Amino acid sequence: MKVVHEVEKCIGCGTCAALCPALFEMEGAKAKLKGAAAEGSNMVLEKEFTAEEQECAKQAEGNCPVNCIHIKE
Ligand code: SF4
């Protein structure tokens, strides 16, 4: 599984970091996907996610107001 964060679209609302602090933290006016690597203008984290991380990543994806978090199976 991988998580993609479209950094340019992020408005820094903090929802993802509140719902899923295991994977997201705030860094200035943007969220940061912890441990992610740059892929073009996106940040991508690809690894084996724990069940807990998968669940909270889905929460973050579903609640991001600008839909800039994407989970790819
Ligand atoms: S929920 Fe979306 S817009 Fe808000 S900080 Fe996270 S990635 Fe950015």
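Up top you'll find the structure we're talking about.
A short tour of the structure in this document, coming up. (Residues numbered from 1 in each chain as written. Predicted model: local features only at pLDDT ≥ 70, side-chain atom pairs only at ≥ 80, totals over all residues.)

Another aspect to go through is the overall build of the protein chain. Along the backbone of the protein chain there are two helices and six strands. Each helix and strand of the protein chain, placed in order from N terminus to C terminus, yields the pattern β-α-β-β-β-β-α-β. Across its three principal directions, the C-alpha atoms of the protein chain cover 30 × 25 × 20 Å. Long-range contacts, defined as pairs at least 24 residues apart, comprise 61% of the intrachain contacts of the protein chain with a sequence gap of at least 6. (Helix = DSSP H or I, 4+ residues; strand = E, 2+ residues; numbered from the N terminus. Contact = placed C-beta atoms within 7 Å.)

As for its placement among the helices and strands, Ile-69 is situated in strand β6 (residues 69-72). Ile-69 gets classed as buried once you count the C-beta atoms within 10 Å, which come to 26. For Ile-69 and Lys-58, which are 11 residues apart along the polypeptide, the C-alpha to C-alpha distance reads 9.0 Å. If sequence neighbours within four positions are ignored, Ile-69 has contacts with Val-3, His-5, Cys-16, Ala-60, Glu-61 and Cys-64. (Buried ≥ 20, exposed ≤ 12 C-beta atoms within 10 Å, placed from the backbone.)

As a further point, take the pairing of strand β1 (residues 2-6). Burial along β1 is one-sided: the face carrying Val-3 and His-5 is buried and the face carrying Lys-2, Val-4 and Glu-6 is not. Judged from the five bridges that link them, β1 and strand β5 (residues 42-46) form a sheet pairing that is antiparallel. The partner of Glu-6 across the bridge, within β5, is Asn-42. Bridging between β1 and β6 involves four bridges; their strand directions are antiparallel. Within β6, the residue paired with Val-3 across the bridge is Ile-71. (Pairing = 2+ DSSP bridges.)

It is worth spelling out the environment of Glu-73 at this point. Position of Glu-73 among the secondary structure elements: in the segment after β6. Along the sequence, Glu-73 and Met-1 sit 72 residues apart, while their C-alpha atoms lie 4.5 Å from each other.

Now for the site of the ligand. The full set close to the ligand counts 13 residues, and Cys-10, Cys-13, Cys-16, Ala-31 and Cys-64 are the nearest of them. Broken down by class, the residue content of the shell around the ligand amounts to 10 nonpolar, three polar and no charged. (Near = placed C-beta within 6 Å. Nonpolar A, V, L, I, M, F, W, Y, C, P; charged D, E, K, R; others polar.)

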